[in-house]
Amino acid sequence: MGWLPSKEQALTNGYSITHYNSDNALPQNSITGMAFDKNGFLWLTTQMGIVRFDGKNFREYNTQNSPALFWNEFLLSQQAPGTNRIFIKPTADSSRILTITDDYQIVTDSVISASPHHALIAPNSHLFSYPGIYKTYNSKEGVHKQLLQKLATSHALVTVNERQAYFPYAGHTYFLDENTRSLTVLPEITGRKPALQFMVNDLYFYIDDQYRLLAFRNGTLQKNISCTAPLLQLLIAEAKAAQDPVQTSLKIKRDGTHTLMICKDTILQLRMVNNVLDYKLLAANIPVEDIKCMIYEEDHKILYVGSMTSGLYVLKLHEFERLLFNKPGFAANSQTSQIELPGQRILTCTGILNYSSKDHVPFPATRNFDKHVLFQASDGAIWYSESKLLKKTDGQLRAFTDVKHLGYFLTGIIETENKELIYSNKHQVFRRTGTADTILVNDLGLAKDEEISALRAITPNILWIGTWAGLFTYDLKKNLLRPMPGMEKKSVSVIHVATDSSIWIGTYGQGMYKFYQNQFIKMPMDSRNALVTAHCFMEDRHGYFWIPTNKGLFRVAKKELDDYAAGIQTQVYYYYVDKAYGFSSNEFNSCTPCGIETRDGWFSFPSIDGLVRFNPDSVSIDLPDKNIIIEQVTADDKRIVVKDKLVATQDAGSLIFEISAPYFGNKVNLHLEYAIKELNDKWYPVNADGKLIITNLNSGKYTLTVRSQTPHAHYTYNNFQLTILPYWYEQVWFKCLLGGLAIGTFLLFFRLRYNYQVKRAQLLQQKVDERTVQLSESNRVKELMISAILHDLRSPLRFLHMLARRMYNNHKASADKELSQILFQFENATNEIYDFTQDFFVFTNMQKEGFVIKREKIVLRDLVAEIISLYEMGAQLQKNTFSNLVPSPVTLHTDASLLSLVLRNLVDNANKYTSEGTITIEGIQDATTTRIILTDEGDTMNKELVARILNKSFNPSLHGGWGYKIIIEILDRLHGSLDIVPGNDKGNIITITFENKG
């Protein structure tokens, strides 16, 4: 397999030529035969194998990669028009005939090879089969049998098709017709020696040794056939030049449709015109020697020439012409504006070019016009500028008149419907009525180096002004100038109003636009971005725009651009024409007018090397509309022949598809794209070498689609089915196994989860029950806390009530000293009640979540003294005496409020159950503990109640009080312990113990 690019095209008179040889593409330089197959591929036989050419890349078939090939030298039969199969004959084996399958493999044609009665000697002949003739005449002795034996090795056979031929032998010429199984001698040329024989269409021409020309059809002399004198002279000259008629005949080649003649370095096409044999010159001065075979592709004006010594030549016959002055130099032939004059002449800024006689008249250097603008008014006057002067001349260029000093060259000029002229220089726009000039625009507000570049009347009253810095509109009736939104800073080069009144804008560097629904729609770019500079829009009779640029010429259907602007079409096909069509430079110039149509219907565009002329109606358009072939895939480093599907493993690595699309036009016009819809909807370009590499596909089925675009949003598609096999762990059985395991795991998980949830529900119910009990107990606590408040406040409030009554009854009779004492007591009692309520609120807050113990250093004696003072009045009522025996040095690091609440409860209980006794509070502190000991002389506590208090099974609702419930809870928070020792007859000793923490 060989995929190599072609060499750069070289330009020659009348055609451009592309040369392929062993240096750049071919395996060998000897081309022995050529033929196109039904899909448009060009097949070449060489002395080193068989080659298939798609116009860009070559594929080689040889003994190394094709099992059917045992030799490397072959002949290729002439292919009749419309034939679907190609036949190839190995030169070393006359018994085997090869053919090409639909999937482009070379195999032995078993049917034809099985019959020995066929002949293929030269590429100028068809594969001629004659089994019926052989059967009829081989059994007969005589000249016919000898003729059949000679037929297999002679080069003198001239075939009409696969079943008819002419053969000179032993002084006679025979017509062989397999259709009738006959051998017929041609009596008109019996006894004459052939000097030259060839076929044109179905006519057999014979020139004898007396140089008489005879023509036969189906073995019958055609007396009404003649030949033009010039051609007959050429044929006789060729016959005289070579003594061997076979060698002379080889100068006339056939391609299945045409008969081509080599005359020195010129190629002629022999053709019949009204029963007259004539010729047409195709190419002269061709640099090809030893021509072996030729094909003329008439629709696209292409000659394919195979040489025995120098490979393949592709000659593109010119359809464009270049008008230029013979005077050398860039200045004379770098053309811009142009006007057609009578007599098939074109006026340019450097002279007059004649497109019929080529009798050109260059101007002297002193007469050159300014190049940007030429304009011919309706009265025939030609307007131009020269040396900053506006000038005009008549249509015959007889008188040249200075009209106005412009101060700059003319940049644009148009004529209105009422015959007024509107013209411009760099910054100004003028209107000329008769001989009077009026300034319409004096300054556009542009930068100094920016200028007016184009003028166009859109309607009778609306003028568009293109500049290098945007587009402006001017109302001629209202004298109103304003910029056009959307075209700011655009370098406008041309404003075109099409035949349907649509408006098109070409720019220099920003692409082209259509003015559609009051906005400017930018047209899409071509593949090479050449349309970024659009110099002109010329519309032909078939609805196509021809657009010259700095990088060649484009042809595009106007409807495609219209549909794109309307959002109907997403892509536009641009057909690219370059200098291979007959001009010398791809760079065109921008000017006014940007292009003209001459009276003969040809278009003319200015370029930097002459005027480029062509007939838009006859230019051959070679579209890439042939089938796309996906024929081979490289997987696992092996080439696999495929047709429309492939099955591969994921371990196959990168898949390399070899894609071919026969196209022999300009390669820029072939746009091959591919998409894999299972991955995404995007289209990607195929590499220039036709190789498409796809990697990292997961298992599954994919559709690879390759397409090529043609005008009007038409595409040629080829779909290829690709299956990537899954790994063993991706297959159905493994997935079923995993599914079963997953279901089993789920059921097991569900069972374990269910058991867990049941157990959790039981625990939750247990917690709910516990919380319910706690909540009930909390409610009871809250109720009893109210009782505790009333209990603890009842005594001091009763005392306050007694003091208040005493004050009311005795305040008039009491002495001041006694009254002061009573008020002092009253004040102390109320203060102690306030302190009590504050402490109780502390206990209440302790029940809340997030309560924090606030530890501080306290002096125990002072705390005890405050508590005693609170209950002093109550002690008087009980006739009790408090004794504070706590030493002053004893301190504790605890929460004073909570400890005070504990001691008040204990003191209150001791005072409540003691009468006419002493209540003592002591404090003992050693190295490890601090103890607070309260001793009373009241009723002895019940020992069972003491036990319940100490083991925390004390129930306030059953045992008559919440005091000890509160005490126990607070001591737990303060990390203290309680001990109660009831006396035998009376009194109790209550001890609170705290561990000292260093």
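Our structure is the block above this text.
1. Observations concerning the overall build of the chain
Of regular secondary structure, the chain possesses 15 helices and 72 strands. Here the chain has a C-alpha radius of gyration of 58 Å; the compact-globule value for 998 residues is 30 Å, and the former is much larger. Across its three principal axes, the chain shows a C-alpha extent of roughly 180 × 100 × 45 Å. By sequence separation, contacts in the chain at least 24 residues apart represent 54% of the contacts at least 6 residues apart. Only carbon and sulfur atoms are counted for the fraction: they give 51% of the accessible area of the chain, which is about 48100 Å². Computed over 104 positive and 103 negative side-chain charges, the separation of the two mean positions in the chain equals 4 Å.

2. Observations regarding the nonpolar core
Ranked by internal contacts, the top residues of the largest apolar core, which has 64 residues, are Phe-320, Trp-546, Phe-657 and Leu-704. Grouped together as the second largest cluster of nonpolar side chains are 41 residues, Leu-860, Leu-863, Phe-882 and Met-941 included.

3. What to know about the environment of Val-373
In this structure, Val-373 sits in the loop between strand 33 (361-362) and strand 34 (375-376). For Val-373, a relative accessible area of 1% corresponds to the buried category. Ignoring anything within four residues of it in the chain, the contact list for Val-373 reads Ser-337, Trp-383, Tyr-384, Leu-410, Thr-411, Gly-412, Ile-413 and Thr-592.

4. Side note on a positive patch on the surface
Side chains of Arg-753, Arg-760, Lys-767 and Arg-771 sit close together on the surface and give a patch of like positive charge. Residue classification places Arg-760 among the partly exposed positions, given a relative accessible area of 46%.

5. Notes on the sheet that holds strand 59 (residues 645-649)
Strand order in this open sheet of five strands is 59-65-64-61-62, and the pairing throughout is mixed. Of all strands in the sheet, those bounded by a partner on one side alone are strand 59 and strand 62 (684-685). In the sheet, strand 64 (residues 700-710) pairs with strand 65 (residues 714-725) via eleven bridges, with the strands oriented antiparallel. Pairing of Arg-707 across the sheet is with Tyr-717, part of strand 65.

6. Let's talk about the packing of aromatic side chains
Applying the stated criterion across every chain, the model contains 44 aromatic pairs. Ring centres of Phe-198 and Phe-205 lie 5.3 Å apart, and the angle between their planes is 15°; on these two criteria the pair is classed as stacked. A relative accessible area of 2% means that Phe-198 is categorised as buried. What makes Phe-205 buried here is its relative accessible area of 0%. Residues Trp-546 and Phe-614 carry aromatic rings whose centres are separated by 4.7 Å and whose planes lie at 50° to one another, so their mutual orientation is tilted. Of the two residues, Trp-546 is situated in strand 51 (residues 544-549) and Phe-614 in strand 56 (residues 610-614); the sequence distance between them amounts to 68 residues. We note Lys-240 situated over the ring of Tyr-211; from NZ or CZ to the ring centre the distance is 5.2 Å. Note that Arg-707 overlies the ring of Trp-683, its terminal NZ or CZ placed 3.9 Å from the centroid.

7. Thoughts on the state of the cysteines
Inspection of the entire model under this criterion finds one disulfide. Here Cys-536 is linked by a disulfide to Cys-594, with a sulfur-sulfur distance of 2.0 Å. Measuring handedness by torsion sign, the sulfur bridge of Cys-536 and Cys-594 sits at about 50° and is right-handed. Here Cys-536 is found in the loop between strand 49 (519-522) and strand 50 (538-539), whereas its partner Cys-594 is found in the loop between strand 53 (575-577) and strand 54 (596-597), with 58 residues between them in sequence. Taken individually, Cys-536 and Cys-594 each receive the classification buried, so the pair is uniform in this respect. Among the cysteines around Cys-349, which has no disulfide bond, Cys-591 carries the closest sulfur, lying 7.9 Å off. Classification of Cys-349 by relative accessible area gives buried; the value is 1%. In this structure Cys-591 is a free cysteine whose sulfur lies 6.9 Å from that of Cys-594, the closest cysteine sulfur available. Residue Cys-591 is classed as buried on the basis of its relative accessible area, which comes to 4%.

8. A short note on unusual backbone geometry
A cis geometry characterises the amide bond from Thr-592 onward to Pro-593, with omega recorded as -5°. Within the secondary structure layout, Pro-593 lies in the loop between strand 53 and strand 54. In the Ramachandran plot, Lys-301 falls in the positive-phi region, its phi being about 55° despite a non-glycine side chain. Along the chain, Lys-301 turns up in the loop between strand 26 (291-297) and strand 27 (302-307).

9. A look at helix 3 (residues 143-151)
Buried residues of helix 3: Leu-147, Leu-148 and Leu-151, and no others. Viewed end-on, helix 3 has its buried residues packed into an arc of 100°, placing them on one side of the element. Structurally, helix 3 contributes buried residues whose contacts are with strand 11 (118-119), strand 12 (128-129), helix 2 (131-137), strand 14 (164-169), strand 15 (172-177) and strand 16 (182-185).

10. Thoughts on helix 13 (residues 943-950)
A distance of 2.8 Å separates the backbone nitrogen of Glu-944 from a side-chain oxygen at the start of helix 13, and that oxygen is part of Asn-942. Phi turns positive one or two residues past the end of helix 13, at Lys-952, with a value near 60°.

11. Looking at the sheet that holds strand 43 (residues 462-467)
One open sheet accounts for four strands, arranged 42-43-44-45; its pairing is antiparallel. At either end of the open sheet lies a strand with only one pairing partner, and these are strand 42 (452-459) and strand 45 (480-483). This sheet shows a mean twist of 20° between the axes of neighbouring strands, independent of strand direction. Sheet analysis places strand 43 next to strand 44 (residues 470-475), joined by six bridges and oriented antiparallel. Within strand 44, the position partnered with Leu-463 by the bridge is Tyr-474.

12. Description of the packing of helix 10 (residues 860-870) against helix 12 (residues 896-912)
Orientation of helix 10 relative to helix 12, taken along the N-to-C sense of each, is 50°, at an axis distance of 10 Å. Overall, the two elements helix 10 and helix 12 adopt an arrangement that is oblique. In terms of crossing hand, the pair formed by helix 10 and helix 12 is right-handed. Only Ala-896, Leu-899, Ser-900, Leu-903, Arg-904 and Val-907 of helix 12 make contact with helix 10, whose side of the interface consists of Leu-860, Leu-863, Val-864, Ile-867 and Leu-870. When its residues are assigned to classes, the contact of helix 10 with helix 12 shows nine nonpolar, one polar and one charged.

13. As for the pairing of strand 64
Counting buried positions over the eleven residues of strand 64 gives nine, a clear majority of the element. With five bridges joining them, strand 61 (residues 672-676) and strand 64 adopt antiparallel strand pairing. Across the sheet, the residue bridging to Leu-672 is Ser-708, located in strand 64. Here strand 64 folds back onto strand 65 in antiparallel fashion, the turn holding three residues, of which His-712 has a positive phi close to 60°.

14. A word on the pairing of strand 47 (residues 503-507)
For strand 47, a buried count of five out of five residues is recorded, marking the element as mostly surrounded by other parts of the structure. Here strand 47 shows no split at all, with Ile-503, Ile-505 and Thr-507 on one side and Trp-504 and Gly-506 on the other all buried. Taken together, strand 46 (residues 492-497) and the strand that follows it, strand 47, pair antiparallel across an intervening segment of five residues, in which Ser-501 is found at a positive phi of about 75°. Here four bridges tie strand 47 to strand 48 (residues 512-516), and the two strands are oriented antiparallel to one another. What sits directly across from Gly-506, in strand 48, is Met-512. Where strand 47 folds back onto strand 48 in an antiparallel hairpin, the turn is made up of four residues, including Gly-509, whose phi is positive at roughly 110°.

Scoring rules and cut-offs
Residues numbered from 1 in each chain as written. Predicted model: local features only at pLDDT ≥ 70, side-chain atom pairs only at ≥ 80, totals over all residues. Heavy atoms only, no water. Helix = DSSP H or I, 4+ residues; strand = E, 2+ residues; numbered from the N terminus. Rg over C-alpha atoms; globule rule 2.2 N^0.38 Å. Contact = heavy atoms within 4.5 Å. Areas by Shrake-Rupley, 256 points an atom, 1.4 Å probe, with all protein chains shown as cover. Lys, Arg positive; Asp, Glu negative; His and termini not counted. Charge placed at Lys NZ, Arg CZ, Asp CG, Glu CD. Core = buried A, V, L, I, M, F, W, Y, C linked by side-chain atoms within 4.5 Å. Buried < 20%, exposed > 50% of the residue type's maximum accessible area, 1.4 Å probe, protein only. Patch = residues over 30% accessible without salt bridge, like charges linked within 9 Å, V, L, I, M, F, W, Y side chains within 5 Å. Salt bridge = Lys/Arg side-chain N within 4 Å of Asp/Glu carboxyl O. Pairing = 2+ DSSP bridges. Phe/Tyr/Trp six-rings, centres within 6.5 Å; stacked < 30°, edge-to-face > 60°. Lys NZ or Arg CZ within 6 Å of the ring centre and 35° of its normal. Disulfide = S-S within 2.5 Å. Arc of directions from axis to C-beta. Polar contact = N/O pair within 3.5 Å; in protein donor to acceptor, adjacent residues only side chain to side chain. Axes fitted to C-alpha atoms, helices over the stretch in contact; angles between N-to-C directions. Parallel < 35°, antiparallel > 145°, perpendicular 65-115°, else oblique. Left-handed = near helix turned anticlockwise from the far one by under 90°. Nonpolar A, V, L, I, M, F, W, Y, C, P; charged D, E, K, R; others polar.

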